[in-house]
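Descriptive analysis of the structure
Here are the chains, one letter per residue:
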Amino acid sequence: MIQTDSTAEPQFAAFVAIDWADQKHAWSLQAAGSDQREADEMKHTPEAVGAWVSMLSARFAGQPIAVALEQSHGALVFMLGQYADLHLYPIHPRAAAQFRAALYPSGAKDDPVDADLLLDMLVLHRKHIRPLRPDNQPTRLVQHQVEARRRLVNEKTRQVQRLTAKLKIYFPQVLDWFDKMDSPLVGALLHRWPTLPDLQRARSGTIRSFCTQHNCRDAERIEERIQKIHQAVPAITDAAVIQPAVTVTRNLVQFIATLRAGIAELDQQIATVTAEHPDFGVFDSFPGAGPVLAPRLLAAFGSRRERYATAAEVQKLSGIAPVVKRSGKAESVHFRRACPKFLRQTFHEWAGHSIAFCDWARVFYQQQRQQGHDHHAAVRALAFKWIRIAFRCWHDGVPYDDARYVASLRRHGSPIAAALDAVSAPK
C-alpha cells in the first residue's frame with residue numbers, strides 16, 4: 001500500500017535498517033547523498049541502544065534519520081520510539097521475506113544481508129511503506145490496554161478448554177450442570193469438591209448454602225442440581241487417572257480465577273481512561289459497541305486524523321475489504337488474510353453485535369444472508385459499511401445519529417430503507 005499520511009516527510013540525513021534478533025541486532029546505514037554503506041551490530045540492551053542512538057545523533061547533528069525494521073510493536077520499537085530524530089518505518093516480515101526470496105531464490109538467509117535488503121526497501125521503495133506515527137499518550141494507553149485485555153481473554157479461553165477436556169475424563173457431569181466453566185461458582189465448587197464422590201458426600205443443605213453464597217439464588221435450579229448430584233454415577237474409578245487429574249483441575253481453576261481478576265482489573269482501568277478521552281463519545285455512540293468494543297474502536301482509529309485519507313484505507317488495512325485479483329480477462333475476489341488480526345477482529349465483532357441493536361444493520365445482514373452469503377461474509381459486509389460511517393464520525397468528531405443515517409438512506413432510495421419501511425408498516 002502506498003503511504004497516504006498527509007504529514008510531509010522530512011529531509012532525512014541518513015537511512016538505517018535493523019535486522020531484529022533476540023540478543024543482538026545487525027544494522028546497515030547509508031548517509032543521504034551517498035552510495036556507501038556501513039554495517040555493524042548492537043546488543044539488545046537499553047544501554048547499547050541508547051549509546052547507538054547517541055552516536056547517530058552526534059554524527060548527523062540531530063537531523064532526522066529514517067529507520068526500517070521488521071517490527072511495529074515490541075521492545076526495540078518502543079526503545080527507538082523515544083527518540084524524536086528517529087522516524088520508524090515498520091516493514092511487514094512477509095514483505096521482507098518475499099523481497100529476499102526474489103533476490104535469493106535459494107532461500108539463503110543471513111542477518112547482515114537482511115539488514116541490507118531492508119535498507120534497499122527503505123531507500124528505494126519508501127513510498128510503499130507507511131511510517132510509524134504514534135498516537136497521543138492517552139490513545140496509546142487505551143491501545144495497549146485493550147490489546148492486553150484481549151490476550152488475557154484468549155488465555156482464559158485456552159485454560160477453560162483445558163479444564164473442559166480434563167473434566168470430560170473423570171467428572172463430565174459438571175459440564176451438564178453448569179453453563180460456564182469459567183464462572184466463580186464452578187471454580188469454587190471444583191476447588192472444594194474436585195470429584196463426584198466428594199460432592200455426593202456433602203449434605204444437601206451445605207450445597208444449597210454454597211450456591212447461595214456464590215450468587216446462585218434460583219431455588220428451583222439449585223434443587224434440580226442437587227437431585228442430579230445424588231443420581232450421578234462416576235465416569236471412572238481408577239485412582240491412577242483421577243488423582244493427577246484433580247491436581248491439574250485445581251491448578252487450572254486457580255489460573256482461570258487469576259485471569260478473570262486480571263481482565264476485571266483491565267476493564268476498570270479502560271473505563272477510567274476512556275471516560276476522559278475526548279474521542280470516546282464518538283465511539284460510545286455506535287450501536288452494539290458497549291464498554292468492551294467502544295474502547296477497541298477508539299484504539300483502532302487512533303488520534304491522528306491525518307493517518308487515513310479515506311475510509312477505504314481503513315477497510316483495506318483492517319482486512320475487512322476483500323482482495324481483488326485481475327489477470328487478463330480473469331477477475332476474482334478473495335478474503336484478505338494479510339492484515340492486523342486484532343484490528344479485523346474488532347470491526348468484525350462490533351458489526352456482529354450491532355445486528356441486535358440497530359434496525360438497519362439487522363436488515364442489511366438479513367439481505368446479505370438471503371443473497372447466499374454465510375454468516376461471517378455477511379458480517380464483514382456490514383462491517384464494511386460501518387467503517388465508512390465510523391470514519392466520517394471520527395474524522396468530524398461527532399457522535400453517530402441513527403435517525404440521521406436512516407433518513408439519509410431514504411433520501412438516496414436505499415434498498416435498506418425500503419426494507420425498513422416494509423417491516424415497520426402496519427399490517
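Remember, predicted model here, so these are calculated numbers, not experimental data.

1. A closer look at the layout of surface pockets
In this structure, the second largest pocket occupies an estimated 400 Å³ of space. Taken together, 16 residues make up the lining of the second largest pocket; nearest its centre are Ile389, Arg392, Arg404, Tyr405 and Ser408. Counting residues per element, the ones that place at least two in the lining of the second largest pocket are helix H17 (375-396) and helix H18 (402-411). Considering only residue class, the lining of the second largest pocket consists of seven nonpolar, three polar and six charged.

2. Re the state of the cysteines
The final tally for this structure, using the stated rule, is zero disulfides. Of all cysteine sulfurs, the one in Cys216 lies closest to Cys211, which takes part in no disulfide; the gap is 5.0 Å. Cys358 takes part in no disulfide bond, and the closest cysteine sulfur, belonging to Cys393, lies 12 Å away.

3. Observations regarding unusual backbone geometry
One non-glycine residue, Ala61, lies in positive phi territory at about 55 degrees. Turning to its location among the elements, Ala61 is positioned in the loop between helix H1 (46-59) and strand E4 (65-69). Overall, Ala61 belongs to the exposed group, its relative accessible area being 63%. The phi angle at Asn215 is positive, at roughly 65 degrees, despite the residue not being glycine.

4. With respect to the packing of helix H15 (residues 341-354) against H17
As a packed pair, H15 and H17 sit with axes 8 Å apart at the nearest point and diverge in direction by 95 degrees. Here H17 runs roughly perpendicular to H15, going by the angle between their axes. For the pair formed by H15 and H17, the contact residues are Phe347, His348, Trp350, Ala351, Gly352 and Ser354 on the first element and His376, Val379, Arg380, Leu382, Ala383, Trp386, Ile387 and Ala390 on the second. In terms of residue class, the contact of H15 with H17 is built from nine nonpolar, four polar and one charged.

5. Looking at the pairing of strand E6 (residues 323-327)
In the case of a regular strand, side chains alternate between the two sheet surfaces. Taken together, the five bridges between E6 and strand E7 (residues 330-334) define a ladder with antiparallel strand orientation. Paired with Val323 across the bridge in E7 is His334.

6. A few points about the sheet that holds strand E2 (residues 24-31)
Spatially, E3-E2-E1-E4-E5 is the arrangement adopted by the five strands of the open sheet, whose pairing is mixed. Only two strands of the sheet have a single neighbouring strand rather than two, namely strand E3 (38-43) and strand E5 (86-90). Neighbour-to-neighbour, the strand axes of the sheet open up by a mean angle of 25 degrees, direction not taken into account. Strand direction decides the pairing type here: E4 and E5, joined by five bridges, are parallel. Paired with Ala66 across the two strands is His87, which belongs to E5. Strands in contact with H1 are strand E1 (14-19), E2, E3, E4 and E5; relative to E3, the strand with the most contacts, it is inclined by about 145 degrees.

7. Concerning the packing of helix H16 (residues 359-370) against H17
A pair of packed helices is characterised by two quantities: the angle between their axes and the separation of those axes. Where H16 contacts H17, the two axes come as close as 9 Å, and the packing angle between them is 140 degrees. With respect to H17, the axis of H16 lies oblique. When you trace H16 past H17, the crossing you get is right-handed. Residues Trp360, Ala361, Phe364, Tyr365, Gln368 and Arg369 of H16 pack against His375, Ala378, Val379, Ala381, Leu382, Lys385, Trp386 and Ile389 of H17. Of the residues assigned to the contact of H16 with H17, the class counts are 10 nonpolar, two polar and two charged.

8. Topic: the packing of aromatic side chains
Going through the model one piece at a time under the given rule, you end up with 20 aromatic pairs. Between Phe283 and Phe286, the aromatic rings sit 6.3 Å apart at their centres with planes inclined by 50 degrees, giving tilted as the arrangement. The residues Phe283 and Phe286 share a single accessibility class, namely buried. Between the aromatic rings of Phe286 and Trp386, the centroid separation amounts to 6.1 Å while the plane-to-plane angle is 75 degrees, which identifies the pairing as edge-to-face. With Phe286 in the loop between helix H12 (280-284) and helix H13 (290-301) and Trp386 in helix H17, the pair connects residues that are 100 residues apart, well separated along the chain.

9. With respect to the environment of Val282
Counting through the fold element by element, Val282 comes out in helix H12. Residue Val282 is classed as buried on the basis of its relative accessible area, which comes to 5%. The residues contacting Val282, other than those within four sequence positions of it, are Cys393, Trp394, Gly397, Val398, Pro399 and Tyr400.

The rules behind the values
- Here the residue index of a chain counts from 1 through its sequence in written order.
- Local features in a predicted model are, by the rule used here, given only for residues with pLDDT of at least 70; side-chain atom pairs are given and counted only at 80 or more, and totals for whole chains, interfaces and linings are based on all residues.
- The side-chain values count all of the structure's non-hydrogen atoms but skip hydrogen atoms and water molecules.
- Two kinds of site are reported from a 1 Å grid over the protein atoms alone, namely cavities, where a 1.4 Å probe fits but cannot get out, and pockets, open sets with protein on both sides within 12 Å along at least five of seven lines, and residues are called lining when an atom falls within 4 Å of a point.
- Grid points are joined across faces, edges and corners, and a volume is the space filled by probe spheres set on the points.
- We count a stretch as a helix when DSSP gives it H or I for four or more residues in a row; a strand needs E for two or more, and each element gets its number in order from the N terminus.
- For this classification, Asp, Glu, Lys and Arg are treated as charged, while Ala, Val, Leu, Ile, Met, Phe, Trp, Tyr, Cys and Pro are nonpolar and the rest, including Gly, are polar.
- Cysteine sulfur atoms that pair up within 2.5 Å are treated as a disulfide.
- Exposure classes here rest on a 1.4 Å probe applied to the protein chains alone. A residue is buried below 20% of its type maximum, exposed above 50%, and partly exposed in between.
- Angles run from 0 to 180 degrees between N-to-C directions of axes, and those axes are lines fitted to C-alpha atoms, restricted for helices to the stretch in contact.
- With respect to orientation, any angle under 35 degrees is reported as roughly parallel, any angle over 145 as roughly antiparallel, any angle of 65 to 115 as roughly perpendicular, and every other angle as oblique.
- Whether two residues are in contact is decided by their heavy atoms: any pair within 4.5 Å suffices.
- In this scheme, strands are said to pair when DSSP sees at least two bridges between them.
- The sense of a crossing depends on the near helix, which, turned anticlockwise from the far helix by less than a right angle, makes the crossing left-handed and, turned clockwise, makes it right-handed.
- Stacked, edge-to-face and tilted are the three classes for Phe, Tyr and Trp ring pairs, Trp counted by its six-membered ring, which pair at centre distances within 6.5 Å; planes under 30 degrees apart are stacked, over 60 edge-to-face, the rest tilted.

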